[in-house]
Amino acid sequence: MARILIIRFSALGDVAMTVPVIHSLAVQYPQHEITVLSRSLWQPLFQELPENVSFVGADLTGKHKGFWGLNSLYSELKAMRFDYVADFHHVLRSRYLCLRFRLANVPVASICKGRAGKQKLVRRHHKVMENQKSSFRRYADVLEKLGLPVLLNFSSIYGEGKGNFAEIELVTGPKGSQKWIGIAPFAKHTGKIYPLELQEQVVAHFAADPTVKVFLFGGGKKEQEVFDAWIARYPSIVSMIGKLNMRTELNLMSHLDVMLSMDSANMHLASLVNIPVVSIWGATHPYAGFMGWKQLPINTVQLDLPCRPCSVYGQKPCWRGDYACLRNITPEQVIGKIERIK
């Protein structure tokens, strides 16, 4: 038996992308103990994984903040006597922890992010439109360096089934014969968000269909205000803000027929429960390696423009100034993709 530490802090989507790899590792090496180190917030992602996976929450804004906090975190981890350390993040914090482990003669391997290929993809002139290695593959490569090759054969955190419907039925109501569509219209950066006035036309279309029930996914005050305005106009739709926690939200997603999302965390969460996702891509591109687990390219909505992709993560301002990559996508294009699945 070996004890393996896997490190990945970062945003929700990036951490969600570790799940198919960690699940595959846990199933293929049941004799090993696997510990995931991440922000405490993301612990629910790992609750449904096999029993040989445990979770350690890092308090990066509190007791594990700064240099002394990292030393304190390392002391806690050292006491757990790991045999291998897999750094899925390779940022200052994780590199420091890995340095300490190396000095203690613990084998360490870190992710290769493939920055050069991604830069060629997003540069303004002479783009090289090559499909980069996915994050899933990059995570698996780290394990392979440690002598733990993994066959990525994950289907869902619920195995072949779905979440326990009794846990959410009081909030969602019975499913019956209606098709359930999730819509997650937000993302962290403007370059990833389909304009809300166009998104509303998609919402209105499905809200008018009595055979469909629409659930809105998001969080935060600004998003709540948008959802409240939509619900006032289309009373049949349901906002999930504040109604479920992350664990039960994943449960609900497993009962959807399709999810519409941006290139954002919700694409990855729905992918973890084996649901088809129609994803909208603006400044970013699936070729950068961040497509949802087992999602089909045919279900993406994106335009061929000479300027895109202009950003790996979507945070750069549009140099044209008009976000044509998003604004020129018609609501009919999005509706068509969803209707082909639902």
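The structure presented is a predicted model; accordingly, all values stated were derived computationally and were not measured.

A. Expanded view of the overall build of the protein chain. Helix and strand counts for the protein chain come out as 13 helices and 11 strands. In terms of C-alpha radius of gyration, the protein chain reaches 21 Å, essentially the compact-globule figure of 20 Å for 342 residues. The C-alpha extent of the protein chain, read off along each of the three principal axes, is 60 × 55 × 35 Å. Looking at the protein chain as a whole, 56% of its 342 residues qualify as buried. Across the protein chain, the fraction of contacts at a sequence separation of at least 24, relative to all contacts at a separation of at least 6, is 67%. For the protein chain, the accessible surface area stands at approximately 15,300 Å², while carbon and sulfur atoms represent 53% of it. A gap of 8 Å separates the mean positions of the 41 positive and 27 negative side-chain charges of the protein chain.

B. Looking closely at empty space enclosed by the protein. As enumerated under the stated definition, the model contains one cavity of 30 Å³ or more in all. Of the volumes computed, that of the largest cavity is approximately 100 Å³. Looking at the lining of the largest cavity residue by residue, the class counts come to 10 nonpolar, no polar and three charged.

C. View of the pattern of salt bridges. According to the stated counting rule, one finds 13 salt bridges in the structure shown. Arg-247 serves as the salt-bridge partner of Glu-167, at 3.2 Å between the closest nitrogen and oxygen. Of the two residues, Glu-167 sits in the loop between α6 (135-145) and α7 (169-172) while Arg-247 sits in helix α10 (residues 246-254), which places them 80 residues apart along the sequence. For Glu-167, a relative accessible area of 36% corresponds to the partly exposed category.

D. View of the layout of surface pockets. Roughly 1,300 Å³ of volume is contained in the largest pocket. Forming the boundary of the largest pocket are 48 residues, of which Ala-11, Leu-12, Gly-13, Lys-188 and Ala-265 lie nearest the centre. By residue number, the principal contributor to the lining of the largest pocket is helix α11 (residues 265-272), which donates four residues. Roughly 240 Å³ of volume is contained in the second largest pocket. Lining the second largest pocket are 17 residues, with Asn-131, Pro-286, Met-291, Gln-295 and Pro-297 positioned closest to its centre. Looking at the lining of the second largest pocket residue by residue, the class counts come to seven nonpolar, nine polar and one charged.

E. The sheet that holds strand β1 (residues 3-7), seen in detail. Strand order in the open sheet formed by five strands is β3-β2-β1-β4-β5, with parallel pairing between adjacent strands. Edge strands, defined here as strands with exactly one partner in the open sheet, are β3 (53-58) and β5 (108-110). The average angle at which neighbouring strand axes cross in this sheet is 20 degrees, direction not considered. For β1 and strand β2 (residues 33-39), the ladder comprises five bridges, and the chain directions are parallel. Counted as the bridge partner of Ile-4 is Ile-34 from β2.

F. Spotlight on unusual backbone geometry. Between Arg-308 and Pro-309 the backbone carries a cis peptide bond, its omega angle lying at 0 degrees. Here Pro-309 shows up in the loop between β11 (300-301) and α12 (324-327). A positive phi angle, close to 55 degrees, is found at Arg-81, a residue other than glycine. The residue His-90 is not glycine, and still its phi comes out positive at about 60 degrees. Checked against the element boundaries, His-90 lands in the loop between β4 (84-87) and α4 (92-103). By relative accessible area, which is 28% here, His-90 ends up partly exposed.

G. Examining the packing of aromatic side chains more closely. Counting across every chain of the model gives 12 aromatic pairs. Here the aromatic residues Phe-67, Trp-68 and Tyr-96 are joined through ring pairs into a cluster of three or more. Stacked on the ring of Trp-319, the Lys or Arg Arg-124 has its end atom at 3.6 Å from the ring centre.

How each quantity is defined
- Residues numbered from 1 in each chain as written.
- Predicted model: local features only at pLDDT ≥ 70, side-chain atom pairs only at ≥ 80, totals over all residues.
- Heavy atoms only, no water.
- Helix = DSSP H or I, 4+ residues; strand = E, 2+ residues; numbered from the N terminus.
- Rg over C-alpha atoms; globule rule 2.2 N^0.38 Å.
- Buried < 20%, exposed > 50% of the residue type's maximum accessible area, 1.4 Å probe, protein only.
- Contact = heavy atoms within 4.5 Å.
- Areas by Shrake-Rupley, 256 points an atom, 1.4 Å probe, with all protein chains shown as cover.
- Lys, Arg positive; Asp, Glu negative; His and termini not counted.
- Charge placed at Lys NZ, Arg CZ, Asp CG, Glu CD.
- 1 Å grid on protein atoms, 1.4 Å probe; cavity = no way out; pocket = protein on both sides within 12 Å on 5 of 7 lines; lining within 4 Å.
- Points joined across faces, edges and corners; volume = space filled by probe spheres on them.
- Nonpolar A, V, L, I, M, F, W, Y, C, P; charged D, E, K, R; others polar.
- Salt bridge = Lys/Arg side-chain N within 4 Å of Asp/Glu carboxyl O.
- Pairing = 2+ DSSP bridges.
- Axes fitted to C-alpha atoms, helices over the stretch in contact; angles between N-to-C directions.
- Phe/Tyr/Trp six-rings, centres within 6.5 Å; stacked < 30°, edge-to-face > 60°.
- Lys NZ or Arg CZ within 6 Å of the ring centre and 35° of its normal.

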